[in-house]
Amino acid sequence: MAGVLVMGAGAVGCFVGGLTQLAGVPVHFVGRPRVLAALRKQGLRLSDQDGLNRHIPPLELRLHEEPPSGLKPDLVLLCVKSGATVEAATTLGLTLPLGTPVLSLQNGIANAAQAREAAPQLHWHAGMVPFNIAEIDPGHYHRGTGGALAAEGSPEDLALAAWQTALSRVGMGLDLHADLAPVQWGKLLLNLNNPVNALSGRPLRDELQQRGYRRVLAALQEEALDLLDAAHRPVARLTPLPPRRLLVLLRMPDFVFRLAAARMLRIDARARSSMADDLAAGRATEVDALCGEVVRLARSLGRSAPLNLRMQTLVQAWPRRRQPYGPAELLQAMGLS
Ligand SMILES: NC(=O)c1ccc[n+]([C@@H]2O[C@H](COP(=O)([O-])OP(=O)(O)OC[C@H]3O[C@@H](n4cnc5c(N)ncnc54)[C@H](OP(=O)(O)O)[C@@H]3O)[C@@H](O)[C@H]2O)c1
């Protein structure tokens, strides 16, 4: 591959872009001055709980505040948060050659479609990142969970196929799907834990070991699953248990859950949802792309999604509260106690 452009060098962009560069592909990173300054000083370090620990020195990083004009990347990875999609897509549309393939590696359902609307001259693909990544030190990105990347496409999409081959050299899988929607909804169900985790103020592994938080997550997922069933939308299974059986497991007492969900709890002790970081930093969250998507699905069916709507409201009200919720308190705030 001649080159990949990462649009939005943050947790996903630096980790996936860094892996791509380690696979021998030239990568250009477009990011904010804060992130680029750390990369210029420290270089880029990638680690995970399976022993990955690689460093790319500053001089080997191609860093930009804007997409460089004249660049003709084989593939662009869109790695901004949902609220920044339209602006980033518009910028890409003004800079890149017609038809450049762009893969949205964002959570939620609608980002690739919104980006396509903002820059229809580019060739958009939806994608999915199954693992958690956190910046644990400036320039150091740590993967806290596992899994293969997914993208909407086929082996005939040459840029995706070439990237798939490159990633395989560093042990990263990329699954291609003709229709990614079931995978995206499967991921969204899991991401309904992001607001729960953010409001808990705890690392993911701690939070998931508390039944009260898991009951809130199960209720959010069940509401979404009922609506997906009503809309006849299939949901891919991204966990060892299918989504409905996961609900049963989530609601089990803590000691049963710890035994039965050992694999699910194989999360780095430091991992948190990035929504927790957004709340802590006073940034806009992606709750609208997650719970809000469930609320919109409900409305499209002439129904409501009161629990997902309530969670959206709690997250949006955080700046006036700024106090983590204990498990019982969150259940009560959700009307579930
Ligand atoms: N982190 C994870 O574990 C994870 C896992 C799976 C999927 N995802 C999804 O991946 C997406 C990215 O998440 P993330 O955690 O990587 O976010 P992130 O760490 O906030 O990284 C995004 C970066 O892009 C920057 N950015 C936004 N617009 C830009 C622009 N026009 N030009 C240059 N830089 C721009 C952001 O700056 P500002 O903050 O100034 O906007 C931020 O530094 C989200 O949809 C998320 O849900 C995340």
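Look above for the structure.
Residues numbered from 1 in each chain as written. Predicted model: local features only at pLDDT ≥ 70, side-chain atom pairs only at ≥ 80, totals over all residues. Heavy atoms only, no water.

Novice: What's the story with the overall build of the protein chain in this structure? I'm lost.
Specialist: When its secondary structure is counted, the protein chain shows 16 helices and 12 strands. A globule of 337 residues ought to have a C-alpha radius of gyration of about 20 Å, and the protein chain, at 20 Å, matches this closely. A principal-axis box enclosing the C-alpha atoms of the protein chain has dimensions of 55 × 40 × 40 Å. Looking at the 337 residues of the protein chain, the share that counts as buried comes to 52%. Taken as a whole, the protein chain presents about 14600 Å² of accessible surface, with 52% of it coming from carbon and sulfur. (Helix = DSSP H or I, 4+ residues; strand = E, 2+ residues; numbered from the N terminus. Rg over C-alpha atoms; globule rule 2.2 N^0.38 Å. Buried < 20%, exposed > 50% of the residue type's maximum accessible area, 1.4 Å probe, protein only. Areas by Shrake-Rupley, 256 points an atom, 1.4 Å probe, with all protein chains shown as cover.)

Novice: What am I meant to see in the sheet that holds strand β9 (residues 133-137) here?
Specialist: Sheet strands pair by backbone hydrogen bonding; their relative direction is either parallel or antiparallel. Taken together, four strands build an open sheet; the order of strands is β4-β3-β10-β9 and the sheet is mixed. Strands with a single pairing partner mark the edges of an open sheet, and in this sheet they are β4 (53-56) and β9. Ignoring strand direction, the axes of neighbouring strands in this sheet form an average angle of 25 degrees. Direction of pairing for β9 relative to strand β10 (residues 140-143): antiparallel, over a ladder of four bridges. Paired with I133 across the two strands is R143, which belongs to β10. (Pairing = 2+ DSSP bridges. Axes fitted to C-alpha atoms, helices over the stretch in contact; angles between N-to-C directions.)

Novice: Even after reading the chapter, I still don't get the site of the ligand, so can you show me in this structure?
Specialist: Near the ligand you find 23 residues, and of these V12, R32, N107, I133 and E286 are the closest. At 2.9 Å, a side-chain N or O of R32 approaches an oxygen atom of the ligand. In the model, an oxygen atom of the ligand is placed 2.7 Å from a nitrogen or oxygen of the I133 main chain. Protein chains bury 85% of the 890 Å² of accessible surface belonging to the ligand in isolation. Along the lines of polarity and charge, the residues of the shell around the ligand split into 12 nonpolar, seven polar and four charged. (Near = heavy atom within 4 Å. Polar contact = N/O pair within 3.5 Å; in protein donor to acceptor, adjacent residues only side chain to side chain. Nonpolar A, V, L, I, M, F, W, Y, C, P; charged D, E, K, R; others polar.)

Novice: Got a minute to help me understand the packing of helix α7 (residues 193-200) against helix α12 (residues 274-281) in this structure?
Specialist: When two helices pack together, you describe them by how their axes are tilted relative to each other and by the distance separating the axes. Running from N to C, α7 and α12 cross one another at 45 degrees; their axes reach a closest spacing of 7 Å. With respect to α12, the axis of α7 lies oblique. The two elements α7 and α12 meet at a crossing, and its hand is right-handed. The residues of α12 that touch α7, namely those facing N194, P195, N197, A198 and L199, are M275, A276 and L279. (Parallel < 35°, antiparallel > 145°, perpendicular 65-115°, else oblique. Left-handed = near helix turned anticlockwise from the far one by under 90°. Contact = heavy atoms within 4.5 Å.)

Novice: Hey, could you run me through the sheet that holds strand β6 (residues 75-78) in this one?
Specialist: Strand order in the open sheet made by the eight strands is β5-β2-β1-β6-β7-β8-β11-β12, with mixed pairing throughout. The outermost strands of the open sheet, each flanked by one partner alone, are β5 (62-64) and β12 (174-177). Direction aside, neighbouring strands of the sheet carry axes that sit 25 degrees apart on average. For strand β1 (residues 4-7) and β6, the ladder comprises four bridges, and the chain directions are parallel. The partner of L5 across the bridge, within β6, is V76. In this fold helix α5 (residues 158-168) packs onto β1, β6, β7 (101-104), β8 (123-128), β11 (149-152) and β12, with an angle of close to 155 degrees to the strand it touches most, β12. Its contacts with the sheet put helix α6 (residues 181-191) on β8, β11 and β12, and the angle it makes with β8 is roughly 45 degrees.

Novice: Teacher, can you tell me more about helix α10 (residues 243-250) here?
Specialist: Given 3.6 residues per turn, any residue in an α-helix points the same way as the ones three and four places further on. By the burial criterion, the buried members of α10 are P243, L246, L247, L249 and L250. The buried residues of α10 occupy one face: seen down the axis, they fall within an arc of 165 degrees. Facing away from the buried side of α10, by more than 90 degrees, are the exposed residues R245 and V248. (Arc of directions from axis to C-beta.)

Novice: How should empty space enclosed by the protein be read in this particular structure?
Specialist: Sizing a probe to match a water molecule and rolling it over the atoms shows the empty space that remains. The tally for this structure, following the rule as stated, stands at four cavities of 30 Å³ or more. For the largest cavity, the full set of lining residues is G186, L189, L190, Q221, L225, V235, A236, R237, L238, T239, P243 and L246. At the level of secondary structure, the elements contributing two or more residues to the lining of the largest cavity comprise α6, α9 (211-230) and α10. Here the element with the most residues in the lining of the largest cavity is α6; it accounts for three residues. Class assignment for the residues of the lining of the largest cavity results in eight nonpolar, three polar and one charged. (1 Å grid on protein atoms, 1.4 Å probe; cavity = no way out; pocket = protein on both sides within 12 Å on 5 of 7 lines; lining within 4 Å. Points joined across faces, edges and corners; volume = space filled by probe spheres on them.)

Novice: In this structure, what is going on with the nonpolar core? I would like to understand it.
Specialist: Buried together is how nonpolar side chains tend to be arranged in soluble globular proteins. L192, L199, V216, L220, M311 and L330 are the most contacted members of the largest nonpolar core, which has 50 residues in total. Those residues within four positions of L199 in sequence are excluded, and the remaining contacts are L279, M311, L314, V315, W318, P324, Y325 and L330. Listed in part, the 37 residues of the second largest apolar core include F15, V16, F29 and L39. (Core = buried A, V, L, I, M, F, W, Y, C linked by side-chain atoms within 4.5 Å.)

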